[in-house]
Amino acid sequence: MAAEVTIYSTTFCPYCVRAKQLLERKGVAYKEINLSNEAPEVRVELMQRTNHRTVPQIFIKDQFIGGFDQLYALEREGKLDSLLA
């Protein structure tokens with residue numbers, strides 16, 4: 001079974017698009033929560049949980065990975081596949 005991946009995004013976020021494209025190229029299913037469509041409290045709760053204000057915010061197995069740069073760094077270092085397994 002593949003790891004559960006959740007991406008918090010917004011509608012017009014190029015880094016969100018790139019993160020989703022990377023996961024799609026790898027054949028990874030993910031749950032997307034678009035903060036543009038959510039109540040403001042959802043964003044506030046997320047910021048309190050992660051101490052990050054930007055999107056995307058990516059979780060693998062409920063572990064906060066970070067944003068696109070951190071996701072791509074894991075891929076470049078060859079560590080992403082093991083996290084996703």
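Quick caveat, the model's predicted, so the values are computed rather than measured.

S.K.: Quick one: what's the story with the state of the cysteines, residue by residue and with numbers?
M.R.: If you walk through the whole model with that rule in mind, you get one disulfide. Here Cys 13 pairs with Cys 16 through a disulfide, and the sulfurs are 2.4 Å apart. Residues Cys 13 and Cys 16 are joined through a disulfide that is right-handed, its torsion about the S-S bond being 85 degrees.

S.K.: Describe in detail the packing of aromatic side chains, supporting the description with residues and values.
M.R.: Scanning all chains against the criterion turns up four aromatic pairs. Measuring from ring centre to ring centre gives 5.8 Å for Tyr 8 and Phe 59, while their planes differ by 75 degrees; the resulting arrangement is edge-to-face. With Tyr 8 in strand β1 (residues 5–9) and Phe 59 in strand β3 (residues 57–60), the pair connects residues that are 51 residues apart, well separated along the chain. By the burial criterion, Tyr 8 is buried, and Phe 59 matches it. Both rings, one in Phe 68 and one in Tyr 72, keep their centres 5.8 Å apart while their planes meet at 25 degrees; by these two values the pair is stacked. With Phe 68 and Tyr 72 both in helix α3 (residues 68–76) and four residues apart, this pair spans about one turn of that helix. Take Phe 68: its relative accessible area is 8%, and that puts it in the buried class. The rings of Tyr 8, Phe 59 and Phe 64 are connected pair by pair, giving a single aromatic cluster.

S.K.: Quick one: what's the story with the layout of surface pockets, residue by residue and with numbers?
M.R.: The gaps of empty space that remain are located by a probe, the size of a water molecule, rolled over the atoms. Considering only enclosed or pocket space, the largest pocket measures out at about 160 Å³ in volume. Lining of the largest pocket is provided by Tyr 15, His 52, Thr 54, Val 55, Pro 56, Gly 66, Gly 67, Phe 68, Asp 69 and Gln 70. Ranked by residue count, the leading element in the lining of the largest pocket is α3, at three residues. The residue inventory of the lining of the largest pocket, partitioned by class, reads four nonpolar, five polar and one charged.

S.K.: Got a sec to walk through the sheet that holds β3? Specific residues and values, please.
M.R.: Reading across from one edge, β2-β1-β3-β4 is the order of the four strands in this open sheet, with mixed pairing throughout. Each edge of the open sheet is held by one strand with a lone partner, namely β2 (31–34) and β4 (63–66). This sheet shows a mean twist of 25 degrees between the axes of neighbouring strands, independent of strand direction. Here β1 runs beside β3; their pairing, made up of four bridges, is antiparallel. Bridging from a neighbouring strand, Val 5 pairs with Ile 60 of β3. The sheet contacts of helix α1 (residues 14–25) involve β1, β2 and β3, and relative to β1 the element is tilted by about 160 degrees. Along the sheet face, α3 touches β3 and β4 and points at about 95 degrees away from the line of β4.

Analysis parameters
Residues numbered from 1 in each chain as written. Predicted model: local features only at pLDDT ≥ 70, side-chain atom pairs only at ≥ 80, totals over all residues. Heavy atoms only, no water. Disulfide = S-S within 2.5 Å. Phe/Tyr/Trp six-rings, centres within 6.5 Å; stacked < 30°, edge-to-face > 60°. Helix = DSSP H or I, 4+ residues; strand = E, 2+ residues; numbered from the N terminus. Buried < 20%, exposed > 50% of the residue type's maximum accessible area, 1.4 Å probe, protein only. 1 Å grid on protein atoms, 1.4 Å probe; cavity = no way out; pocket = protein on both sides within 12 Å on 5 of 7 lines; lining within 4 Å. Points joined across faces, edges and corners; volume = space filled by probe spheres on them. Nonpolar A, V, L, I, M, F, W, Y, C, P; charged D, E, K, R; others polar. Pairing = 2+ DSSP bridges. Axes fitted to C-alpha atoms, helices over the stretch in contact; angles between N-to-C directions. Contact = heavy atoms within 4.5 Å.

So, to be careful, I would describe these as geometric facts and stop short of saying anything about function.
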